[in-house]
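Breakdown of the fold
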Amino acid sequence: MAHDLDIQEKVKIAVSFLLDSPPGEVNDVFNDVRTLIDNDEELQIGITGALEEYNTEQLVTVNLPGDEREVLIGLVFRLSEKVE
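In short, a report on the structure. (Residues numbered from 1 in each chain as written. Predicted model: local features only at pLDDT ≥ 70, side-chain atom pairs only at ≥ 80, totals over all residues. Heavy atoms only, no water.)

1. Some thoughts on the packing of helix 2 (residues 26-37) against helix 3 (residues 40-57)
Relative orientation and spacing of two packed helices are given, respectively, by the angle between their axes and the distance between those axes. Between helix 2 and helix 3, the least distance of the axes is 11 Å, while the angle of their chain directions is 155 degrees. Compared by their axis directions, helix 2 and helix 3 come out roughly antiparallel. The handedness of the crossing between helix 2 and helix 3 is right-handed. Between helix 2, through Val-26, Phe-30, Arg-34 and Ile-37, and helix 3, the contact on the second element is made entirely by Asp-40, Leu-43, Ile-47, Leu-51 and Tyr-54. Broken down by class, the residue content of the contact of helix 2 with helix 3 amounts to seven nonpolar, no polar and two charged. (Axes fitted to C-alpha atoms, helices over the stretch in contact; angles between N-to-C directions. Helix = DSSP H or I, 4+ residues; strand = E, 2+ residues; numbered from the N terminus. Parallel < 35°, antiparallel > 145°, perpendicular 65-115°, else oblique. Left-handed = near helix turned anticlockwise from the far one by under 90°. Contact = heavy atoms within 4.5 Å. Nonpolar A, V, L, I, M, F, W, Y, C, P; charged D, E, K, R; others polar.)

2. Observations regarding the nonpolar core
Judged by nonpolar contacts, Val-11, Ala-14, Val-15, Leu-18, Val-26, Val-29, Val-33, Ile-37, Leu-43, Ile-47, Ala-50 and Tyr-54 together constitute the single largest core of twelve residues. Secondary structure elements with two or more residues in this core: helix 1 (7-19), helix 2 and helix 3. Those residues in contact with Ile-37 that sit more than four places away from it in its chain are Ile-7, Lys-10, Val-11, Ala-14 and Leu-43. (Core = buried A, V, L, I, M, F, W, Y, C linked by side-chain atoms within 4.5 Å. Buried < 20%, exposed > 50% of the residue type's maximum accessible area, 1.4 Å probe, protein only.)

See below:
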């Protein structure tokens, strides 16, 4: 007997796939799971934390808004929540 997974279970599996993506391949994995999940709203809600975790662990580079320089994302670079 086949068991249909609910959307939360599918998203949980998608998160696992994303976190296990090889370096530089997260976009390809995301596109694949997006096709499988077929619910962009639920997928977006469910994977936001996973993408933050992946990008932090993989030391991804990003451009700051309004700036051409790239910066690394990583735990050691995280700024304190407290701003003085």
